[in-house]
Amino acid sequence: MSHHHPIRKAAVLGAGVMGAQIAAHLVNAGVDTLLYELPAKEGNPNDLVNAAIGRLGKLKPAPLGVKAIAGQIQACNYDQHLPLLDGCDLIIEAIAERMDWKKDLYEKIAPHLNADAWIASNTSGLSMTELSAALPEVLRSRFCGIHFFNPPRYMNLVELIPHAGTDPAMLDNLEAFLTTFIGKGVVRTKDTPNFIGNRVGVFSMLATMHHTREFGLGFDVVDKLTGPAIGRPKSATYRTADVVGLDTMGHVVSTMQNTLPDDPWKSYYQVPETLSKLVEAGALGQKSGAGFYRKEGKVIKVLDAASGEYVVSNPQLSDEIQSILKERDPVKQMAALRHGESVEARFMWAIFRDLFHYCAYHLGDIAASAREIDQAMRWGYGWRLGPFESWQASGWQQVADWIQADIRAGKSMADAPLPDWVSDGRAGVHSPQGSYSAAEDQLLPRSRLPVYQRQLQPELLFGEQPVSTTVIEQADDWRLWTQAGHEDVLILSFTSKMHSISNGVIAGIMRGVELAEQNYQGLVLWQDSEPFCVGADLKGALALAVAGDTDGLRNMISGFQQAVMRLKYAQVPSIAAVRGMALGGGCEIVMQCSRAVAAFESYIGLVEVGVGLLPGGGGLKELAIRSVANTKTGDAFPLLQQYYQQVAMGKVAGSALEAREFGYLTERDVIVMNPQELLYVAIAQARAMSDAGYRPPISQQTWSAAGDVGIATLQMMLVNMQEGHFISAHDREIGNHVASVICGGAIDRGTPVTEQWLLQLEQEHFVALTQLEKTQQRIEHMLTTGKPLRN
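1. Considerations on the overall build of the protein
Helices and strands together make up the secondary structure of the protein, namely 28 helices and 23 strands. Since a compact globule built from 791 residues should have a radius of gyration of about 28 Å, the 28 Å found for the protein is in line with a globular shape. Counting only C-alpha atoms and orienting by the principal axes, one finds that the protein spans roughly 80 × 65 × 55 Å. A burial count over the protein gives 56% of its 791 residues as buried.

In C-alpha cells form, the structure reads like this:
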C-alpha cells in the first residue's frame, strides 16, 4: 500500500455527541487522536472535554471497542492547546451547524496548522464552497467535507464532499485512509444541500409522513410497513424520528425548506403539524421520554394523531397487505402494491413511487451516478436495497410507466417530468459495465482507486456481476473455492443456515484441511456474509438428546472435536476470517485455527450455557491453556477464573478488541477495520505464515490443572452468584459441570493434563447435560423463539 501522506495524528474539534464519538472511533482504529472543546469557565480548563470523554463509556450502542481506550483520547481545549495542532495531519471540525461559529474557529486554528495538514468539516448540511471561503486561501485546496453518520462507529457511510478547489490527490488519499484504516464505506458527493444520504433519506421520511396524513394511517402501522417488512431497519419511520430527536428532525426539514426553494417537492419540506406540536410540548422523542411513542413501564404507547392522546400500540394490518409483504418476487410485489385495494397497499405504492420519481429527477444534480445514491442509502440508512436497486428489481420499465401514468393523473409531482433517460429502453441503472450517470449520460464503472483492489468480494448492488471464483469442491453445507489471482490459498465457506455447524460443515472442515495440505499454502475460513458462525446445529442435537441417543451425541461431539483439532494441527496455516457473530462452536473454530483475522465488528463468545450446555468443541480446553499462556508471572488461576466467569454468564465480546481481553483472540490475531478487506488480509496472512516456513504447534503439550481446589473455588463463586440472583439454579448446575472440565476434573491441583484429557471431559459433561430436562427445554425454546430461556 502506498501512503504519500501518512496520517500519524488526528484532531477532532468539538466534543459534542458526534465529535466525541468520531474521536472514539479513531482510537478504536489505533489513530493517535486529540479532542478539543471550549475551556471550562472555572476549575480545570479541560473539565468540559473530560466530561465528554467520560460520557462515552455510558452511551449505547458503545462507541468504544473497550472502555479503557477512552484514556487514549488526548483531551484539549482551545485556550491552552492550539499549538499541538501543528503535529496533526488530519483535522476534523465537528462543532455546531453555525456558519459564523465555524468561520471563527477556522480563523483561530489557521496559524497553528502544519503545511501538509488536511482539514475537513463533519457538517451535515452547510455548503463546502461557503465554508472553504472562511479559510485562508493557502488552506483551501486541503479542505473538504467528511460527513460521518450517527452512531459513527456502527454506520458504515462516510460522505466525502469536495468543493471546486479541493486537491484531487488529497481526496484519493483520504478515501483510502477512511476505507482501510477507519473501515468505512466512502461515497463521494456533490456540494448540494444535505449531500446524498440525508437528501434522499429525509425526503423518504417526509414523503412517508405526507402520505401517513393523506391515507390517515396510525404511526405504528406505518412503522410496521416501513421497517424490516421492506428491508429497512426496525426503527422504520416514526421511531427513527424519535431516536434522532424531533427537534433535530425539525431543524433538518427547515434547512431543506431554506436551501431548496426551487425543488418541485418543496411542499413536502414542511414540519408536519403533529411534529411541531410535540416539540412545542417538549416531547422531543427518546431523549425526553416521549415523542411519537411513549414508554410507560413495559408498555409502549403511540400517539393517536386525531385525539392527541397516547394509546397502547397494537398495529393491525389488512390481510391483503400481509400477503403482499410475504411475496418473495419483487416484480409481483410491486405490481400488487400498485393495483392493491387496501389503504396500506395504496400508501406503500405512493411512498415507493415518490422515492423513485424524486431520485430519478435529481440524480443528475446530486450524485455522480446511481451507485452513489444506492450505496449511501444502504450504508447510511441501513436499507437492504437502495432506491434504484429496488426499482430495478421490481421491473424498471413497467414501474417507470406507472410513475408516468401517476404524473399524468396528477398523483405525482406534475412539475417534475421524469427525465428522458429513464425510458430509453434500459433494464435499469446498474449493470456489469457500471452504473448510470445522468450527469454524463453513460455507465460509470466502480472506482479504480488502488484501495478497492483490497476488496476481493465487494458488496454488490443489484444488477452487478460477482467477481469470478473457481469452485474446487462442494457439498450440502460447504464450498471449497479459490479467488482469481490468489489460487495458492484454499477458501472454505459454510453454506448452512446462519453458517451453523452441521455434520456437513464438519465434513467440509476435514476435507478442506486435507486438500489444503496437499495443494495449497493455507486454508482460509470465510463466509460471504455475516455471521461467521452461530454455533452448533441445535436441531440435530435436540433430536438425539430427546431420543436418549448418547452414542449419537458422543459421535457428534467427537466429530467436531476432531475437525477443530485438524485445524489446529494442520501442516499448513488455517485462518479464521471473522466478521459479525462467532458464537459457541463458531468461537471454538476461531480459537483453534492457527490464526484469526477478525473485523473490528466481531462479536465472539461461548454462549452454550444459554441453551443449557457447555462448550464441547475444545473451547474450555483452549481457555485452560490460554489462562496459563496469558499469565506473565505468578498464579494462572485468577485469569482462569475470569475466563470461567465469561463462560458461566455466556458473555459475548462487543468488539474484536474486547474479544482479545476475553482471551478469545490472542495478541497474534489480526484486527481489520474494514470487513470488506477481511478476505484479502486473511489470504495475505496465510501466505506470509506459509512463506515463513509454517509448522503446527507440538501436539503433546501438557499444563498444570487447577484440579479439585480450583473446582471448589469456582463452585463457591457460583453459590454467591446464585444468591445475588445473577444466575438460576440450573445455571449453577451447568456452571458446576463447566468448572469440572476447565479445572481438569477432580484430580490433585497441579497435576499435568493433556488436550485429549480435557476433550474427553468436555464430551462426557456435554452428554450428561443433554440428558437434563431443563437443558432440553432451553434448546427447544431457543429453536422456537431464537431467545435463551433462563429456567
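That covers the picture; the talk isn't over yet.
2. Section: the pairing of strand β5 (residues 118-121)
Residues of β5 alternate between two faces, with Trp118 and Ala120 on one and Ile119 and Ser121 on the opposite face, all of them buried. The pairing of strand β4 (residues 90-93) with β5 spans 4 bridges and is parallel. Pairing of Ile92 across the sheet is with Ala120, part of β5. Once you follow β4 into helix α3 (residues 99-109) and on to β5, the crossover reads as right-handed. Two elements, β5 and strand β6 (residues 143-148), share 3 bridges in a ladder whose sense is parallel. Bridge pairing in β6 places Ser121 opposite Gly145. With respect to chirality, the unit in which β5 leads through helix α4 (residues 128-133) into the neighbouring parallel β6 is right-handed.

3. Brief notes about the environment of Gln483
Position of Gln483 relative to the elements: it lies in strand β16 (residues 478-483). Residue Gln483 is classed as buried on the basis of its relative accessible area, which comes to 3%. Expressed as a C-alpha distance, the spacing of Gln483 and Ala648, which sit 165 residues apart in the sequence, is 40 Å. Look past the residues within four positions of Gln483 in its chain and what remains in contact with it is Leu456, Gln457, Val467, Thr469, Ile491 and Leu679. Polar side-chain contacts of Gln483 include one of 2.7 Å to the side chain of Gln457.

4. Let's talk about the sheet that holds strand β1 (residues 9-13)
Pairing is mixed in the open sheet, where 8 strands are placed in the order β3-β2-β1-β4-β5-β6-β7-β8. Of all the strands in the sheet, the pair left with one neighbour each is β3 (73-77) and β8 (185-188). Neighbour-to-neighbour, the strand axes of the sheet open up by a mean angle of 25°, direction not taken into account. Running over the sheet, helix α5 (residues 168-180) touches β4, β5, β6, β7 (157-161) and β8 and is turned about 25° from β6.

5. Details of the sheet that holds β16
Sheet architecture is open: 7 strands sit in the order β15-β16-β17-β18-β19-β20-β21, paired in mixed fashion. Whereas interior strands pair on both sides, the edge strands pair on one side only; in this sheet they are β15 (469-475) and β21 (670-672). When strand polarity is set aside, the average angle formed by the axes of neighbouring strands in this sheet is 25°.

6. Considerations on the pattern of salt bridges
A complete count under the given rule lists 34 salt bridges for this structure. With its nearest N and O atoms 3.1 Å apart, the salt bridge here joins Asp354 to Arg353. Arg371 is paired through a salt bridge with Glu464; the nearest N and O atoms lie 3.9 Å apart. Of this pair, Arg371 sits in helix α14 (residues 370-381) while Glu464 sits in the loop between β14 (442-444) and β15, placing them 93 residues apart in sequence. Overall, the relative accessible area of 5% leaves Arg371 in the buried class. Judged by relative accessible area, which is 14%, Glu464 ranks as buried. Residues joined in a network through salt bridges with shared partners are Arg338, Arg353, Asp354 and Asp406.

7. Focus on a positive patch on the surface
A contiguous patch of positive charge, built from Arg55, Lys58, Lys60 and Lys67, is present on the exposed surface. Along the chain, the position of Lys60 falls in the loop between α2 (47-56) and β3.

8. A word on the side chain of Ser390
As for its placement among the helices and strands, Ser390 is situated in helix α15 (residues 387-393). Leave out the neighbours within four places in its chain, and Ser390 touches Phe356 and Leu385.

9. Some points on the environment of Asp691
Inspection of the secondary structure puts Asp691 in helix α24 (residues 678-691). Classification of Asp691 by relative accessible area gives exposed; the value is 60%. Each C-alpha atom, one on Asp691 and one on Tyr269, is 61 Å from the other, the two residues being 422 residues apart in sequence.

10. Looking at the packing of helix α20 (residues 585-592) against helix α21 (residues 619-629)
Across the interface, α20 lies against α21 with an axial gap of 9 Å and an inter-helix angle of 45°. Comparing their axes, α21 and α20 come out oblique. Regarding α20 and α21, the two cross each other, and that crossing is left-handed. Between α20, through Glu588, Met591 and Gln592, and α21, the contact on the second element is made entirely by Gly619, Lys621, Glu622, Leu623 and Arg626.

11. Side note on the side chain of Ser435
With respect to the element layout, Ser435 can be found in strand β13 (residues 434-437). Overall, the relative accessible area of 0% leaves Ser435 in the buried class. Reaching out from Ser435, the side chain makes a polar contact with the side chain of His430 at a distance of 2.7 Å. For Ser435, the contacting residues outside a window of four places in its chain are Ser369, Arg371, Val429, His430, Gln442, Leu443 and Leu444.

Thresholds, definitions, all that
Numbering of residues starts from 1 in every chain and runs along the sequence as written. Under the rules for a predicted model, residues below a pLDDT of 70 receive no local features and side-chain atom pairs below 80 are neither given nor counted, while totals for whole chains, interfaces and linings still include all residues. By convention in this description, side-chain values take in all heavy atoms of the structure and omit both hydrogens and water. Strands here mean DSSP runs of E at least two residues long; helices mean DSSP runs of H or I at least four residues long; both are numbered from the N terminus. All radius of gyration figures rest on C-alpha atoms, and the globule criterion is 2.2 Å times the number of residues raised to 0.38. Exposure categories follow from relative accessible area, calculated using a 1.4 Å probe and restricted to protein chains: below 20% of the type maximum is buried, above 50% is exposed, and the middle band is partly exposed. Here, any two strands with at least 2 DSSP bridges between them count as paired. Clockwise travel from the first strand over the helix to the second, with the strands pointing away from the viewer, marks a crossover as right-handed. The criterion used for residue contact is that any of the two residues' heavy atoms lie within 4.5 Å. Here a polar contact is recorded for every N or O atom pair within 3.5 Å, except that within protein the pair must consist of a potential hydrogen donor and a potential acceptor, and residues adjacent in sequence are included only if both atoms are side-chain atoms. To obtain each axis, a line is fitted to C-alpha atoms, and for helices this fit is confined to the stretch in contact; angles are then taken between N-to-C directions over 0 to 180 degrees. What counts as a salt bridge is simple: a side-chain nitrogen of Lys or Arg found within 4 Å of a carboxyl oxygen of Asp or Glu. A patch is a set of surface residues, each over 30% in relative accessible area and not in a salt bridge, joined within 9 Å for like charges and within 5 Å for the nonpolar side chains Val, Leu, Ile, Met, Phe, Trp and Tyr. Exposure was quantified through the Shrake-Rupley algorithm and a 1.4 Å probe, taking into account, for residues, occlusion by the shown protein chains and nothing else. When charges are counted, neither His nor the chain ends are considered; positive counts come from Lys and Arg and negative counts from Asp and Glu. Charge placement uses NZ in Lys and CZ in Arg. For Asp and Glu, CG and CD serve respectively. Roughly parallel covers angles under 35 degrees, roughly antiparallel covers those over 145, roughly perpendicular covers 65 to 115, and oblique covers all other angles. Each crossing gets its handedness from the near helix: less than a right angle anticlockwise from the far helix is left-handed, clockwise is right-handed.

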